[in-house]
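Close look at the chain arrangement
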Amino acid sequence: MGGIVVRQASVVQLPGYRSPLEPSRALKAGTSLRPREFVSEVQRDRLIDAFVQVVVEQGFESAWIKTICRRAGVAFNTFYELYRSKEELLLTAYDAGVAVLFNVTSAAYFSDDVPWRRRVEVGLGTFLQTLADNPIFARFFAIEIHKAGPHGQARVDQSIEAASAMFTNVEAAPGLAIPATELVPLVVGSIYEQIYFYIRSGRISELPSLNPTLTTFAAHMFTNADFGVGPSALG
């Protein structure tokens, strides 16, 4: 693929990370003997990876379905058997990546019985490192999703709400005369904006360096409170 290298390290893999045509994903001779559901699932996964890669390289508006199908090694007609439109595939790819991203973040956040600040540090660190390890999806996650109109913005809003779940039971720090219900979206939104700025500026590999600042920011806004909700709310 031109312009962006698909990394092959042992990391959490988000959409766009793998080559759609790597040998392990080939539908070899005898595929007709495989269940149709299996074939369709492989084709969907290949289309998702191809889509994210092409969209990040060319922009959502210029990512033609035929180009996506060629990258995925999937017939043009098959695309419309699996997805109604390019917009539907965009939302599907976003949902798939965000589910993995928030699941690994949540698992890290709840992994140890440690003070709240440490949980935030570990959770944010996992979130930032996973995006840094998946630069293609990082740009898709922060930039391209906004090109899907109201449906795309709704997905972003849902992601911010999911991140806010980690701050469910906190209270505003002393001296901050702001209800926690109002402070949480301000803090989470500020963190999201800083992450967005680094991605938009091409500093994706530097995302993990934000962790100390973002953790300190969150810790100064809230008291050392309960741990919020469990992992199921973040998937």
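Every chain begins its residue count from 1, and numbering advances along the sequence as written. Under the rules for a predicted model, residues below a pLDDT of 70 receive no local features and side-chain atom pairs below 80 are neither given nor counted, while totals for whole chains, interfaces and linings still include all residues. Derived side-chain values reflect all non-hydrogen atoms in the structure, with water molecules and hydrogen atoms excluded from consideration.

Considering the overall build of the chain
Per the secondary structure count, the chain includes nine helices and zero strands. Only DSSP runs of H or I covering at least 4 residues are called helices, and only runs of E covering at least 2 are called strands; the numbering of each starts at the N terminus. Moving toward the C terminus, one meets the helices and strands of the chain in the order α-α-α-α-α-α-α-α-α. Partly exposed describes any residue whose relative accessible area lies between the buried limit of under 20% and the exposed limit of over 50%, with all areas from a 1.4 Å probe on protein chains only and scaled to the type maximum. Counting all 235 residues of the chain, 46% fall into the buried class. If you take every contact in the chain between residues at least 6 apart in sequence, the share linking residues at least 24 apart comes to 72%. In the structure as shown, the chain presents an accessible area of about 11500 Å², 55% of it carried by carbon and sulfur atoms. Whether two residues are in contact is decided by their heavy atoms, any of which lying within 4.5 Å being enough. Using the Shrake-Rupley algorithm and a 1.4 Å probe, accessible areas are obtained, with residue cover drawn only from the displayed protein chains.

Here's the deal with helix H2 (residues 65–72)
H2 sits mainly inside the fold: six of its eight residues count as buried. Within H2 the residues assigned to the buried category are Ile65, Thr67, Ile68, Cys69, Arg71 and Ala72. The elements touched by buried residues of H2 are helix H1 (36–58), helix H3 (76–82) and helix H4 (86–109). Positive backbone phi, approximately 70°, marks Gly73, located one or two places after H2.

Points about the confidence of the model for the chain
Parts of the model with low pLDDT should not have their predicted coordinates read in detail. The quantity called pLDDT is the predictor's confidence in a given residue, expressed from 0 to 100. When the pLDDT values of the chain are averaged, the result is 87; 88% of them are 70 or greater. Under a pLDDT of 50 for its full length, residues 1–9 has, in the predicted model, 22 contacts with residues more than four places off or in other chains. Here residues 226–235 is a poorly scored stretch, pLDDT under 50, and it has 31 contacts once near neighbours within four places are set aside; other chains count.

Looking at the packing of aromatic side chains
Working definition: a ring pair exists when centres of Phe, Tyr or Trp rings (six-membered ring for Trp) sit within 6.5 Å. Plane angles under 30 degrees give stacked, over 60 give edge-to-face, the rest tilted. Within this structure, the stated rule accounts for 14 aromatic pairs. Ring plane angle 50° and centroid distance 6.0 Å describe the contact between Phe79 and Tyr83, whose orientation is recorded as tilted. Measuring from ring centre to ring centre gives 6.3 Å for Phe141 and Tyr192, while their planes differ by 65°; the resulting arrangement is edge-to-face. Of this pair, Phe141 sits in helix H6 (residues 135–142) while Tyr192 sits in helix H8 (residues 180–200), placing them 51 residues apart in sequence. The two residues Phe141 and Tyr192 agree in class, both being buried. An aromatic cluster is built from Phe51, Phe60, Tyr94, Phe102, Phe127, Phe137, Phe140, Phe141 and Tyr192, whose rings are joined through pairwise contacts. In this structure, Lys66 is placed above the aromatic ring of Phe76, and the distance from its NZ or CZ to the ring centre is 5.8 Å. A cation sits over an aromatic face here: Arg203 above Tyr198, 4.1 Å from the ring centre. The criterion is that NZ of a Lys, or CZ of an Arg, lies within 6 Å of the ring centre and within 35 degrees of the ring normal, and then a charge sits over that ring.

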